[in-house]
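# Geometric and topological summary
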Amino acid sequence: MELKKKFLLWVLSLCFFGAVAQQKTAYKPLKLGYSIGLNKINKEELQNAKKAGIDYIEIGGWNALLDKQTRAFILSDEDLKKKIDEVKLIADEAGIKIWSLHMPYGKDEDISVADDVARKRTLSTHEKIIKYAAVLKPQIILFHPSWYLGLNERELRIAQLIKSALELNKKVEKINAKMVVENMLGPQLLKSPQQERPLCRSVDEVTEIMGRLPKNIYAAVDMNHIKNPEKLINALGNRLKSVHIADGDGLAERHYFPCSGKGKNDWNAIFSALYGAGYDGAFIYESAYPSLEAMKPCYETMYTNFLSNIKEK
């Protein structure tokens, strides 16, 4: 009888420690990253980022390479290549990897624009950046689905977005990256009496558009662009391949730092949704952070709170 009790205790201990090990694997910490403009990348910045526990960056600010009037590149092909090669060298020396490229966006860089001449010009700009940025070996290429829309043109603009996404994804896959489309801010359909919010403004619209895109085109969720972002993450599941981390209220562009105490996001619910979706990509801050050194402690606080909440349940 005593031997049987010992055997049962041994089995229970195996189950317990196995469950603990499984939980650690299931909720493995994510690698940290942050968004930075191309022209702000320098040796000191990235070395400090690495010292602060940051492993990845998302490179934005590509609009700065375009003439404001003509939208043509202000750099020659040779100078563009040189600039991107310099960024690659700086990142490599600092031990920082390029997680993603945030492609140009705005009224004049709208991949859903109805005018096909303008749309093709925009695609040409994006394709050139992808070509020269291939040396950076980004894992993700992120696109805004649209700029603000006129009235009653939503279906046309969705069709144009899909057409553009199919063309752009060929270039993205050619450099062994994944294309993602980001959700946009849109608490109400109308921004003004003559203007609608961008595409991908709600859970329903994001899932509808993703359902019309091939499964090798994915989604990114900006936590500042929607109230209760965990609902969108849950709806996307494994179509989620990148994130923008910021706090907000879903009503306006806030980009609060998650640990500032200003936003309304439920980070326990967000972490739960991320792990439920199988997300294992970088945790990319796109927020008004107080310093590089604040990012890792903030993440660790949110992550620890999430684990504690799991244990309590």
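Residues numbered from 1 in each chain as written. Predicted model: local features only at pLDDT ≥ 70, side-chain atom pairs only at ≥ 80, totals over all residues. Heavy atoms only, no water.

The chain has the name Sugar phosphate isomerase/epimerase in an unreviewed UniProt entry, where Pedobacter hiemivivus is given as its organism.

This next bit is on the sheet that holds strand β10 (residues 283-285). Pairing between sheet strands relies on hydrogen bonds along the backbone, with the strands arranged either parallel or antiparallel. In space, the eight strands of this open sheet follow the order β9-β8-β5-β4-β3-β2-β1-β10, with parallel pairing throughout. Each having just a single partner strand, β9 (240-244) and β10 make up the two edges of the open sheet. Ignoring which end each strand starts from, the neighbouring axes of this sheet average 30° apart. As judged from the three bridges shared by strand β1 (residues 32-37) and β10, these two strands associate in the parallel manner. Note that in β10 the partner of Leu-32 across the bridge is Phe-283. (Pairing = 2+ DSSP bridges. Helix = DSSP H or I, 4+ residues; strand = E, 2+ residues; numbered from the N terminus. Axes fitted to C-alpha atoms, helices over the stretch in contact; angles between N-to-C directions.)

Bringing the UniProt feature "domain: Xylose isomerase-like TIM barrel" (unreviewed entry) in the chain into the picture now. The UniProt record marks residues 46-290 with the feature "domain: Xylose isomerase-like TIM barrel" (unreviewed entry), using the residue numbering of this structure. For residues 46-290, helix accounts for 37% and strand for 16%, while the C-alpha atoms at its two ends are 16 Å apart. (UniProt positions renumbered as here; feature names shortened; annotations may be inferred.)

Our next topic: the state of the cysteines. A full pass over the atoms with the stated rule returns one disulfide. Here Cys-259 pairs with Cys-298 through a disulfide, and the sulfurs are 2.1 Å apart. The disulfide joining Cys-259 to Cys-298 has a torsion of about 95° about its S-S bond and is therefore right-handed. Linking Cys-259 in the loop between β9 and α8 (267-276) with Cys-298 in helix α9 (residues 295-312), this pair joins segments that are 39 residues apart in sequence. (Disulfide = S-S within 2.5 Å.)

Mean pLDDT over the chain stands at 93; residues scoring 70 or higher make up 92%. A low-confidence stretch, residues 5-22 stays under pLDDT 50, and its non-local contacts, those more than four residues away or across chains, total zero contacts. (pLDDT = per-residue confidence, 0-100. Contact = heavy atoms within 4.5 Å.)

Time to look at empty space enclosed by the protein. For the structure shown, the criterion picks out one cavity of 30 Å³ or more. Each pocket or cavity is described by its volume, and for the largest cavity that value is around 50 Å³. In terms of lining, the largest cavity is formed by Pro-104, Tyr-105, Gly-106, Glu-109, Asp-110, Ile-111, His-126, Phe-143, His-144, Ser-146 and Trp-147. Of the residues belonging to the lining of the largest cavity, the class tally is five nonpolar, four polar and two charged. (1 Å grid on protein atoms, 1.4 Å probe; cavity = no way out; pocket = protein on both sides within 12 Å on 5 of 7 lines; lining within 4 Å. Points joined across faces, edges and corners; volume = space filled by probe spheres on them. Nonpolar A, V, L, I, M, F, W, Y, C, P; charged D, E, K, R; others polar.)

Now for the packing of helix α5 (residues 154-174) against helix α6 (residues 203-212). In contact at an axis separation of 10 Å, α5 and α6 are set at 45° when each is read in the N-to-C sense. Put simply, α5 runs oblique to α6. Of the two possible hands of crossing, α5 and α6 adopt the one that is right-handed. In this structure, α5 contributes Arg-154, Glu-155, Ile-158, Leu-161 and Ile-162 to the contact, and α6 contributes Glu-205, Glu-208, Ile-209 and Arg-212. When its residues are assigned to classes, the contact of α5 with α6 shows four nonpolar, no polar and five charged. (Parallel < 35°, antiparallel > 145°, perpendicular 65-115°, else oblique. Left-handed = near helix turned anticlockwise from the far one by under 90°.)

Moving on, we come to the layout of surface pockets. One number sums up the size of the largest pocket: a volume of about 600 Å³. Considering the residues around the largest pocket, the lining is formed by 30 residues, among which Ser-35, His-102, Tyr-105, His-255 and Glu-286 are closest to the centre. Elements with a minimum of two residues in the lining of the largest pocket: β1 and β2 (56-60). In terms of residue count, the dominant contributor to the lining of the largest pocket is β1 (three residues). Taken together, the residues of the lining of the largest pocket sort by class into 11 nonpolar, 11 polar and eight charged. Of the voids in this model, the second largest pocket is the one considered here, and its volume is about 350 Å³. Lining the second largest pocket are 20 residues, with Lys-28, Pro-29, Leu-30, Lys-31 and Tyr-299 positioned closest to its centre. Only α1 (2-26) and α9 provide two or more residues apiece to the lining of the second largest pocket. In terms of residue count, the dominant contributor to the lining of the second largest pocket is α9 (three residues). Partitioned by chemical class, the residues of the lining of the second largest pocket number 10 nonpolar, four polar and six charged.

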